[in-house]
Amino acid sequence: MAERLSVGSLRVINTSDSSSYPPNPVLQVLTVKELNSNPTSGAPKRYRVVLSDSINYAQSMLSTQLNHLVAENKLAKGAFVQLTQFTVNIMKERKILIVLGLDVLTELGFMEKIGNPAGLETVDSLRQQPQPPVNEGSLNQPSAPANYPANTGSFYGNNSPSTAPAPPPMVKRPSGPNPANGYSTIIYPIEGLSPYQNKWTIRARVTNKSDIKHWHNQRGEGKLFSVNLLDESGEIRATGFNDQVDAFYDILHEGQVYYISRCRVNIAKKQFTNVQNEYELMFERDTEIKKAEDQSAVPVARFSFVSLQEVGNVAKDAVIDVIGVLQSIGPVQQITSRATSRGFDKRDITVVDQTGFEMRITLWGKLAIEFSAPEESVLAFKGVKVNDFQGRSLSMLTSSTMSTDPDIQESHLLKGWYDGQGRGQDFAKHSNNASISSVSGRSAERKTIADVQAEHLGMSETPDYFSLKGTIVYIRKKNVSYPACPAPDCNKKIFDQGGSWRCEKCNKEYDAPQYRYIMTIAVGDHTGQLWLNVFDDVGKIIMHKSADELNDYQENDENAFMNCMAEACYMPYIFQCRAKQDNFKGETRVRYTVTSLSQMNWQEESKKLIDYIQGAN
């Protein structure tokens, strides 16, 4: 099979500029490895692929749009691929292939490693070495007896056009920009940009444009704006400051396609963007932007949708894309920030999808006021933030976008499902409904208390989740509940004003509070004891009554209160828990919170014990 490979092509790529890259090289996959990433961040997975031409091997990064090939086990160790589009980044004197397009040659199957390929040296040392001949690896070309092809023609077009038609180039050359007006003639993919390149032009669509923001601090004052740019390979954020705001803000319009060059490429500041790219662009004095004549050559939007059911597995504060059918529209409400005393307009809407879940999404500001999409529309959201207050919900950010009835496959499938069967369906919520532990959608590993303590769960930057089979052995009788605001979706603590109760958040007074559980319980198993924090939904299951009822007992009938507390103890449950680090009076500690709770299924637990015993044998 060696004659099928483009022998020597990787060395050519490492020692030449883009005009001399071999067209459509055929290579063998040696390894496919997922890069370390936070699985709950909502960001798409990234894969490193090691490719070989039988003489050399090279590292490459796979474009996220090709991830499905890995998921489908088509792109795996031993497979053969033909690169159809790629670019190269230089990092620490080594060239890294950025694979933007490839075909898996399934007819060649999978094979053990061909030859004994060696790693490529640094770029400078490679340029000083003679290059071996290259096998073009055409599948229509008869094989040669040696390791190199019988046709000694190079990659530069020596083959006869009548016998070997020229394959498409690896880069695109637009008809508009040209060197005479300062633009590079090579269109680079966004995913191929890096700080190590300076001569490039991208052709991208503006998918989001911010308002102009002003700032004042000790170093002075200024203004800025940002845009999200999209092409076939990916997205990137670009920001302009001060003079660049005046130069480019009125030029760039959402939905339009532009040629952009001569920007600075920086490491992305993740706290300011929801775009999944390691880099971002900064407009500079020499930046050039020109509107493209062909507005259809770039996709309108690119989504990485997470189903509403899977939102339960995504970490709090992650930024994700979702799509759903609009089921209900709430009224516009105004809330006041306690920190700034400024008022904000908000509106809650509810969407559903075919996984059987519904999700509350909060719109803010101008979008909340002007929202006009009719019910049963399909809404696609890009870059919304995951919240977990009172169950899972989503919130629009200033950089988020919303599309109504987008012309994409996911939208058409969702609309067809809803018209066919979804309209009359009941939907589950991601809430702290303790009677249905599966609603959280989170898969948590069963642990003993000793395991939780030995593994130091909760001591990392992100929360840890675990399942615990245990028995309640004690309930603290102090601060079992608190007086909460009775308004929907508030639940803040309210204060007795002498005849009325006032909520600072809602800026309203009420005749009486609605008490909510905020208990601390001790849970034990055969390995130890752990203190867990419990909130209202879980508390109702444990106490078999509302917090209002128990508070009434506590204030008026101490014996009844003590009996309720005693009856709730020594009951076994399956606890779904979250371990998270916090700081109390300057001391770092781990706080364990029960997110949901379910009754013991003795038949299921017996099966697990049998499996454990059989496994031990």
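Residues numbered from 1 in each chain as written. Predicted model: local features only at pLDDT ≥ 70, side-chain atom pairs only at ≥ 80, totals over all residues. Heavy atoms only, no water.

- An unreviewed UniProt entry annotates the chain as Replication protein A subunit originating from Schizosaccharomyces osmophilus.
- What the UniProt record of the chain gives under Sequence similarities (unreviewed entry) is the line "Belongs to the replication factor A protein 1 family."
- The UniProt entry for the chain carries the following comment under Subcellular location (unreviewed entry): "Nucleus". (UniProt positions renumbered as here; feature names shortened; annotations may be inferred.)

### What to know about the overall build of the chain
Turning to step 1, where the next piece is worked out: Regarding its fold elements, the chain presents 11 helices and 30 strands.
Turning to step 2, where the next piece is worked out: Every one of the 617 residues in the chain was classed for burial, and the buried ones make up 45%.
Turning to step 3, where the next piece is worked out: Across the chain, the fraction of contacts at a sequence separation of at least 24, relative to all contacts at a separation of at least 6, is 63%.
Turning to step 4, where the next piece is worked out: Accessible area for the chain stands at about 32200 Å²; split by element, carbon and sulfur atoms hold 48% of it. (Helix = DSSP H or I, 4+ residues; strand = E, 2+ residues; numbered from the N terminus. Buried < 20%, exposed > 50% of the residue type's maximum accessible area, 1.4 Å probe, protein only. Contact = heavy atoms within 4.5 Å. Areas by Shrake-Rupley, 256 points an atom, 1.4 Å probe, with all protein chains shown as cover.)

### A closer look at the sheet that holds strand β24 (residues 495-496)
Turning to step 1, where the next piece is worked out: Read from one edge of the open sheet, three strands run β24-β25-β26, paired in antiparallel fashion. Single-partner strands in this sheet number two, and they are β24 and β26 (508-510).
Turning to step 2, where the next piece is worked out: Pairing analysis gives two bridges linking β24 to strand β25 (residues 501-503), with the strands arranged antiparallel. Its bridge partner lying in β25, D496 is registered against W501. (Pairing = 2+ DSSP bridges.)

### As for the packing of aromatic side chains
Turning to step 1, where the next piece is worked out: By the definition in use, this model includes 11 aromatic pairs.
Turning to step 2, where the next piece is worked out: Where Y474 meets W531, the ring centres are 6.2 Å apart and the plane angle is 90 degrees; that geometry is what we call edge-to-face. You can see Y474 sitting in strand β22 (residues 464-475) and its partner W531 sitting in strand β28 (residues 528-535), a full 57 residues away along the chain.
Turning to step 3, where the next piece is worked out: Taking relative accessible area as the criterion, W531 reaches 34% and is therefore assigned partly exposed.
Turning to step 4, where the next piece is worked out: Linked through ring pairs, F225, F248, Y249 and F283 together constitute an aromatic cluster.
Turning to step 5, where the next piece is worked out: Over the face of the ring belonging to Y249 we find K209, whose NZ or CZ atom lies 3.8 Å from the ring centre.
Turning to step 6, where the next piece is worked out: The ring of W531 carries the charged tip of R476 above its face, separated from the ring centre by 4.3 Å. (Phe/Tyr/Trp six-rings, centres within 6.5 Å; stacked < 30°, edge-to-face > 60°. Lys NZ or Arg CZ within 6 Å of the ring centre and 35° of its normal.)

### Overview of the pattern of salt bridges
Turning to step 1, where the next piece is worked out: Taken as a whole and assessed by the stated rule, the structure comprises 18 salt bridges.
Turning to step 2, where the next piece is worked out: The salt bridge partner of E280 is R237, with a shortest N-O separation of 3.8 Å. Taken as a pair, E280 in strand β13 (residues 279-282) and R237 in strand β10 (residues 235-241) lie far apart in primary sequence, 43 residues in all. Of the two residues, E280 and R237, neither departs from the other in class, the shared state being buried.
Turning to step 3, where the next piece is worked out: Across the pair R423 and D419 runs a salt bridge whose closest N-O atoms are separated by 3.0 Å.
Turning to step 4, where the next piece is worked out: R423 sits in the partly exposed class, given a relative accessible area of 42%.
Turning to step 5, where the next piece is worked out: Residue classification places D419 among the partly exposed residues on the basis of a relative accessible area of 41%.
Turning to step 6, where the next piece is worked out: Among the ionic contacts, a cluster of salt bridges with common partners joins E235, D321 and K382. (Salt bridge = Lys/Arg side-chain N within 4 Å of Asp/Glu carboxyl O.)

### Details of the nonpolar core
Turning to step 1, where the next piece is worked out: One finds F466, I475, I521, L532, I542, M543 and F575 to be the most contacted residues of the largest nonpolar core, which totals 40 residues.
Turning to step 2, where the next piece is worked out: No other element matches strand β27 (residues 514-525), which puts five residues into this core.
Turning to step 3, where the next piece is worked out: Residue contacts for F575: discarding those within four places in its chain leaves F466, S467, L468, G470, I472, I521, V523, L532, V594, S596 and L597. (Core = buried A, V, L, I, M, F, W, Y, C linked by side-chain atoms within 4.5 Å.)

### A few points about the environment of K492
Turning to step 1, where the next piece is worked out: Along the chain, K492 falls in the loop between β23 (481-484) and β24.
Turning to step 2, where the next piece is worked out: Note on K492: relative accessible area 40%, which makes it partly exposed.
Turning to step 3, where the next piece is worked out: Taking the C-alpha atoms as reference points, K492 and C503, 11 residues apart in sequence, are found 7.2 Å from one another.
Turning to step 4, where the next piece is worked out: Here K492 is in contact with Y482, P483, A484, C485 and K505, once residues within four sequence places are set aside.

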